[in-house]
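The chain contents come next:
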Amino acid sequence: MSQVRLERGAGLIKWYDFQALGDERGSLVAFELGQAIPLDIKRVYYLYGTALGVSRGYHAHHNLTQLAICVAGRCRMVLDNGTTREEAWLDSPTKGLLIEKMIWREMHDFSPDCVLLVLATEHYDESDYIRDYQKFLTEARNAKK
Ligand code: T46
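We now turn to the structure provided with this report. (Residues numbered from 1 in each chain as written. Predicted model: local features only at pLDDT ≥ 70, side-chain atom pairs only at ≥ 80, totals over all residues. Heavy atoms only, no water.)

Some points on the site of the ligand
- Every one of the 13 residues lining the ligand counts as a neighbour, but Arg 43, His 61, Gln 66, Arg 105 and Tyr 129 are closest to it.
- Interatomic distance of 3.5 Å between a side-chain N/O atom of His 59 and an oxygen atom of the ligand.
- In the environment of the ligand, an oxygen atom lies 2.7 Å from a nitrogen or oxygen atom belonging to the side chain of Gln 66.
- Against a free-state accessible area of 650 Å², the protein chains account for coverage of 68% of the ligand.
- Among the elements of the structure, β5 (43-48), β6 (56-61) and β11 (104-108) are those that each provide at least two residues to the shell around the ligand. (Near = heavy atom within 4 Å. Polar contact = N/O pair within 3.5 Å; in protein donor to acceptor, adjacent residues only side chain to side chain. Areas by Shrake-Rupley, 256 points an atom, 1.4 Å probe, with all protein chains shown as cover. Helix = DSSP H or I, 4+ residues; strand = E, 2+ residues; numbered from the N terminus.)

What about the nonpolar core?
- Formed by 18 residues in total, the largest nonpolar core has its most connected members in Ala 68, Met 77, Leu 79, Leu 90 and Leu 116.
- Listed by contribution, the elements that provide at least two residues to this core are β7 (66-72), β8 (75-80), β9 (84-90), β10 (95-99) and β12 (115-120).
- For this core, the element with the highest residue contribution is β8, accounting for three residues.
- In contact with Leu 116, other than residues within four places in its own chain, are Tyr 45, Tyr 46, Leu 47, Ala 68, Ile 69, Cys 70, Cys 75, Met 77, Leu 90 and Met 107.
- Membership of the second largest hydrophobic core comes to nine residues, among which are Phe 18, Ile 37, Ile 69 and Leu 117. (Core = buried A, V, L, I, M, F, W, Y, C linked by side-chain atoms within 4.5 Å. Buried < 20%, exposed > 50% of the residue type's maximum accessible area, 1.4 Å probe, protein only. Contact = heavy atoms within 4.5 Å.)

Comments concerning the pattern of salt bridges
- Within this structure, the stated rule accounts for 10 salt bridges.
- A salt bridge links Lys 95 to Asp 17; the shortest N-O distance between them is 3.8 Å. In this pair, Lys 95 is assigned in strand β10 and Asp 17 in strand β2 (residues 14-17), connecting sequence segments 78 residues apart.
- Given a relative accessible area of 29%, Lys 95 falls into the partly exposed group. (Salt bridge = Lys/Arg side-chain N within 4 Å of Asp/Glu carboxyl O.)

Let's talk about unusual backbone geometry
- You will see that Tyr 58, though not glycine, has its phi angle at about 60°, which is positive.
- Considering the arrangement of structural elements, one finds Tyr 58 in strand β6.
- Phi at Asp 109 is positive, roughly 55°, even though this residue is not glycine.
- Assignment of secondary structure puts Asp 109 in the loop between β11 and β12.
- Asp 109 gets classed as partly exposed once you look at its relative accessible area, which sits at 43%.

A short note on the pairing of β8
- Counting buried residues in β8 gives six out of six residues, a clear majority hidden from the surface.
- Neither face of β8 is left uncovered, since the one carrying Cys 75, Met 77 and Leu 79 and the one carrying Arg 76, Val 78 and Asp 80 both have all their residues buried.
- In terms of strand pairing, β8 meets β9 through six bridges, oriented antiparallel. Its bridge partner lying in β9, Asp 80 is registered against Arg 85.
- In textbook terms, the turn of a hairpin is the stretch between consecutive antiparallel strands, and for β8 and β9 this stretch comprises three residues, one of which, Gly 82, has a positive phi near 100°.
- Two strands pair when backbone bridges link them, and β8 and β11 are joined in this way by five bridges, in the antiparallel orientation. Across the sheet, Asp 80 pairs through a bridge with Trp 104, a residue of β11. (Pairing = 2+ DSSP bridges.)

What follows is the structure in C-alpha cells.
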C-alpha cells in the first residue's frame, strides 16, 4: 500500500473568507446562507473545552460537507484524501475551512480557549462516519480507480 504524504499546496485546504462587520465596539460576522456560504446548512455544532493534548476527529464522512470556523483560539486541522495529507491552522473567526466528503480529518493542538464552529450540510448520522483509517483508505482509493 502506498504511503500518504503530507504535502503543502496539495489543494485540500480550501478557505472561505468572511467579511468582518463592526465598529469601534467590536466585530461581527454574519452568515447569510446561500450568499456568503454556498452550502445548504442543516446543522450547526461547536467543539469547545477540548482538554490539553487531546486530538479529535479521526474519521471521514461518506456524504457530508462541512465548513469549520475557529471563532476563538486555535487548533490544527489535518485533511487527508487517501493519497495526500495537508494541514492548516484554524485561528481566525473570518476564515472557514471547507471539509468535503470522503476526507479524513484530524484536529490537534487545541488551545484551551478554542471554540470550533462547524456548519454541516446534513443532520447527525453515525452511519455516515468512517472511523477506521484502513477502511477509509480502501474506499477512497477504490473511488479514484
Ligand atoms: C467532524 C469534526 C470536525 C452528536 O450527537 N451530534 C452531532 O451533531 C455531533 C457532531 C456529534 N454528536 C455526538 C457523537 C459523539 O458521541 O457527540 C459526541 C462527540 O462526537 P465526535 O466524537 O464525532 O466528535 P469529533 O470532535 O471527533 O468530530 C466532530 C464531528 O463529529 C465530525 O463530523 O467532522 O467534529
